Amino acid sequence: MNILILGAGQVGASLAEALVSEANDITLVDLDAGALAQLADRLDVRTVTGNAAFPSVLTEAGIESADLIVAVTQSDQSNLVACKLAHSRFAVPTRIARLRSPDFLDPTLLSTDNFAVDFALCPEQEISDYIGKLVEYPEALQVVEFAEGRLTMVGLRAYEGGLLVGKPIRAMRGHLPSGVDARIAAIFRDTRAINIDGDTVVQSGDEVFLLAATEHIRTVLKELRRMQKPVRKLMIAGAGNVGARVAGRLEGSCEVKLVESRPARAALVAGWLNRTLVLTGEATDETLLAREDIGNMDMFLALTNDDENNIMAASLAKRLGCRRVLALINREAYADMVQGGPIDIGLSPAQVSIGGLLTHVRQADVARVHSLRRGAAEALELVVRGERGSSRVIGRRIEELPEIHGASIAAVVRDGRVIIPHHDTLIEAGDHVVVFCTRKRYIAAVEKLFLPTASLLPGWFR
């Protein structure tokens, strides 16, 4: 595809990195020539310096031949204008915009008669929802859902003494109650995906991705992992867009304290929230944290706009006795470095947001995409279309499908029912198939396999 990405910030850069490896032609537009130069040195992309809302800049970027425009600049207004121009003047087939303000998330405003946005992404809302899931499952490193919430995948750290550690994967079935099924979709050991089968032995420290019907996921976690007690006391650092949203989401189920360094912002957010205690101060102030009983908090969320402050505040909270800490970290290198040390979860907001974008960029009929392990892996929910004569998958058992190294079918959802598949499971038209890709370079092969009109040559999937 010929894709035009407007905005070379964290989201735009992460999206370009994800798509350029899949043989797409990518052009990046941004006002920051330095940021564009750094990306051009690292990625095989074309860059144009200028205002993404100007028709002349869009023309220079080649919008006339674009299949897709993704407007993810820092300005909602620029993103909306770019999408409008892309539709009315340049006839770009698909237009995606990032919109921070809820005022713009009105379907009427986004219709083709107005700003012509096919898909609107609100990063703050996606990140807030994601953090809410991590609070709901405090033992998890990552929680994602498929099939409109019917299927849940949880990333966990295997611990010494756990039921599966030192045992083969096939032993998991013996620990589960009758009628409950689950699948280990992938294991990462020393940051690398390993090839797994029923005889693979789980080791302490492994990062295990476990998948089950949402109604059964808590039962599975309880059987396989030492459960942490539910989060009841929560402290949040930062009352920005993300921090305020998370507090509003959780104040009904948790005792929430929100720390904000700017008095005016603290007063404003306090007026929005009903049950949250809003404090003015620095989250890196040891005296403040101790006074607010950080040692008895179940979870601490560092959600300011400053990576270093988030790392310092979360590390301090952990040292003072908080059970579990999360830090929002924009620089992916920082997130990789700190997670697993004093900080339990280093969360990259760009990697959370990118899944929604990738869902609308993939070429097959993709219902959902989740970027996993900060972009190293990906899970796709593909909808099976076509009929036996025009499909490589319909009417075939999983064992009969072409082998794609680094990809595996982890679950099938059929008529709302979750199926944990085996080698003899038949794929039917209309199925939602969840595929886990530990190697992103094979995603294009997975998409091509599920395209209903695919005309494939022998060996293309190897």
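Worth saying up front: this structure is predicted, and the values here are computed from it rather than measured.

Student: Now, about the overall build of the chain: what can you tell me, with residues and values included?
Tutor: Looking only at helices and strands, the chain has 14 helices and 22 strands in total. Its C-alpha radius of gyration of 23 Å places the chain within 12% of the 23 Å reference for a compact globule of 462 residues. Going through the 462 residues of the chain one by one, you find that 54% of them count as buried. Across the chain, every contact between residues at least 6 apart in sequence was considered, and the portion connecting residues at least 24 apart equals 58%. Of the roughly 19800 Å² that the chain leaves accessible, carbon and sulfur atoms contribute 47%. The averaged location of the 58 negative side-chain charges in the chain is 4 Å from the averaged location of its 51 positive side-chain charges.

Student: Would you mind going over the packing of helix α6 (residues 123-136) against helix α8 (residues 241-250) in detail, with residue names and values included?
Tutor: Running from amino to carboxyl end, α6 crosses α8 at an angle of 45°, the nearest separation of the two axes being 9 Å. Judged by the angle between their axes, α6 and α8 are oblique. Considering the relative orientation of α6 and α8, their crossing is right-handed. Across the interface between the two elements, Glu124, Gln125, Ile127, Ser128, Asp129, Ile131, Gly132, Lys133 and Val135 from α6 touch Asn241, Val242, Arg245, Val246, Arg249 and Leu250 from α8. Among the residues making up the contact of α6 with α8, the classes are represented as six nonpolar, four polar and five charged.

Student: Tell me about the state of the cysteines, residues and numbers included.
Tutor: The final tally for this structure, using the stated rule, is zero disulfides. Left without a disulfide partner, cysteine 254 is nearest to the cysteine sulfur of cysteine 322, which lies 12 Å away. The class of cysteine 254 is buried, set by a relative accessible area of 10%. Its relative accessible area of 3% is what places cysteine 322 among the buried residues.

Student: Give me the pairing of strand β12 (residues 233-237): which residues, what numbers.
Tutor: Counting buried residues along β12, four of its five residues qualify, which places the element largely inside the surrounding structure. In terms of strand pairing, β12 meets strand β13 (residues 255-260) through five bridges, oriented parallel. When the bridges of β13 are listed, methionine 235 appears paired with lysine 257. Read from β12 through α8 to β13, the crossover connection turns out right-handed.

Student: Give me the lowdown on helix α7 (residues 214-224), citing residues and values where you can.
Tutor: The complete set of buried residues in α7 reads Ile217, Val220, Leu221 and Leu224. The buried residues of α7 occupy an angular sector of 95° when projected down its axis, which confines them to one face. Turned more than 90 degrees away from the buried face of α7, the exposed residues are Glu215 and Lys222. Where the residues of α7 are buried, they touch β8 (151-157), β9 (182-189) and β11 (207-213).

Student: Run through the pattern of salt bridges, naming residues and quoting values.
Tutor: Inspection of every chain in the model, using the stated rule, returns 22 salt bridges. The partner of aspartate 181 in a salt bridge is arginine 173, and the shortest N-O contact between them spans 3.7 Å. We note a salt bridge from aspartate 344 to lysine 318, for which the minimum N-O separation is 2.9 Å. One end of the pair, aspartate 344, is in the loop between α12 (332-338) and β17 (345-347); the other, lysine 318, is in helix α11 (residues 307-319), with 26 residues separating them in the sequence.

Student: Which residues make up the sheet that holds strand β16 (residues 325-328), and what values go with them?
Tutor: In spatial order, the strands read β14-β13-β12-β15-β16-β17; together these six strands make up an open sheet with parallel pairing. At either end of the open sheet lies a strand with only one pairing partner, and these are β14 (277-280) and β17. The mean angle between the axes of side-by-side strands here comes to 15°, regardless of whether they run parallel or antiparallel. In the sheet, β16 pairs with β17 via three bridges, with the strands oriented parallel.

Student: Give a detailed account of the pairing of strand β19 (residues 377-383), specifying residues and quantitative values.
Tutor: For β19, the buried fraction is high: seven of the seven residues fall into the buried class. Pairing of β19 with strand β22 (residues 432-437) involves six bridges; the strand directions are antiparallel. Considered in β22, the bridge of glutamate 381 is made with valine 434.

Student: Can you explain the packing of helix α1 (residues 10-20) against helix α13 (residues 349-359)? Please cite residues and give values.
Tutor: Put simply, α1 and α13 touch, their axes get as near as 9 Å, and they point 60° apart. It follows from the interaxial angle that α1 and α13 lie oblique. The interaxial crossing formed by α1 with α13 has right-handed handedness. Side by side, α1 and α13 meet where Gln10, Val11, Ser14, Leu15, Ala18 and Leu19 of the first sit next to Ala350, Gln351, Ser353, Ile354, Leu357 and Leu358 of the second.

Student: Break down unusual backbone geometry for me, citing the residues and quoting the values.
Tutor: Working note: non-glycine residues mostly have negative phi, and peptide bonds are mostly trans. Look at alanine 147: it is not a glycine, yet its phi comes out positive at around 50°. Tracing the backbone shows alanine 147 in the loop between β7 (142-146) and β8. By relative accessible area, which is 5% here, alanine 147 ends up buried. The phi dihedral of glutamate 148 falls on the positive side, at around 55°, and the residue is not glycine.

Student: Outline the packing of aromatic side chains, listing residues and values.
Tutor: Both the distance between ring centres and the angle between the ring planes are used here to describe each pair of aromatic rings. Enumeration over the complete set of coordinates arrives at two aromatic pairs. Cluster of aromatic residues (ring-pair linked, three or more members): Phe188, Phe209 and Phe436.

Student: Could you give me a rundown of helix α4 (residues 76-88), with the residues and numbers involved?
Tutor: When the terminal C-alpha atoms of α4 are compared, their 18 Å separation across 13 residues agrees well with the 18 Å that a helix rising 1.5 Å per residue should span. Residues Asp76, Ser78, Asn79, Leu80, Ala82, Cys83, Leu85 and Ala86 constitute the buried set of α4.

Student: I'd like a rundown of the environment of serine 65, residues and numbers included.
Tutor: Topologically, serine 65 is positioned in the loop between α3 (55-60) and β4 (68-71). Among the residues examined, serine 65 registers a relative accessible area of 47% and is labelled partly exposed. Considering only alpha carbons, one finds serine 65 and glycine 174, 109 residues apart in sequence, at a separation of 56 Å. A distance of 3.1 Å separates a polar atom in the side chain of serine 65 from a polar atom in the side chain of asparagine 2.

Student: Requested: an account of the sheet that holds β11, with residues and values cited.
Tutor: One open sheet holds the five strands; their spatial order is β7-β8-β11-β9-β10, and the pairing between them is antiparallel. Here the strands that pair on one side only, and so sit at the sheet edges, are β7 and β10 (192-193).

Student: Would you mind going over the side chain of aspartate 431 in detail, with residue names and values included?
Tutor: Structurally, aspartate 431 can be placed in the loop between β21 (417-419) and β22. With sequence-adjacent residues up to four places away left out, aspartate 431 is seen in contact with Leu382, Val383, Val384, Val412, Val413, Arg414 and Leu426.

Calculation criteria
- Residues numbered from 1 in each chain as written.
- Predicted model: local features only at pLDDT ≥ 70, side-chain atom pairs only at ≥ 80, totals over all residues.
- Heavy atoms only, no water.
- Helix = DSSP H or I, 4+ residues; strand = E, 2+ residues; numbered from the N terminus.
- Rg over C-alpha atoms; globule rule 2.2 N^0.38 Å.
- Buried < 20%, exposed > 50% of the residue type's maximum accessible area, 1.4 Å probe, protein only.
- Contact = heavy atoms within 4.5 Å.
- Areas by Shrake-Rupley, 256 points an atom, 1.4 Å probe, with all protein chains shown as cover.
- Lys, Arg positive; Asp, Glu negative; His and termini not counted.
- Charge placed at Lys NZ, Arg CZ, Asp CG, Glu CD.
- Axes fitted to C-alpha atoms, helices over the stretch in contact; angles between N-to-C directions.
- Parallel < 35°, antiparallel > 145°, perpendicular 65-115°, else oblique.
- Left-handed = near helix turned anticlockwise from the far one by under 90°.
- Nonpolar A, V, L, I, M, F, W, Y, C, P; charged D, E, K, R; others polar.
- Disulfide = S-S within 2.5 Å.
- Pairing = 2+ DSSP bridges.
- Right-handed = clockwise from strand over helix to strand, strands pointing away.
- Arc of directions from axis to C-beta.
- Salt bridge = Lys/Arg side-chain N within 4 Å of Asp/Glu carboxyl O.
- Phe/Tyr/Trp six-rings, centres within 6.5 Å; stacked < 30°, edge-to-face > 60°.
- Expected span 1.5 Å × (residues − 1).
- Polar contact = N/O pair within 3.5 Å; in protein donor to acceptor, adjacent residues only side chain to side chain.

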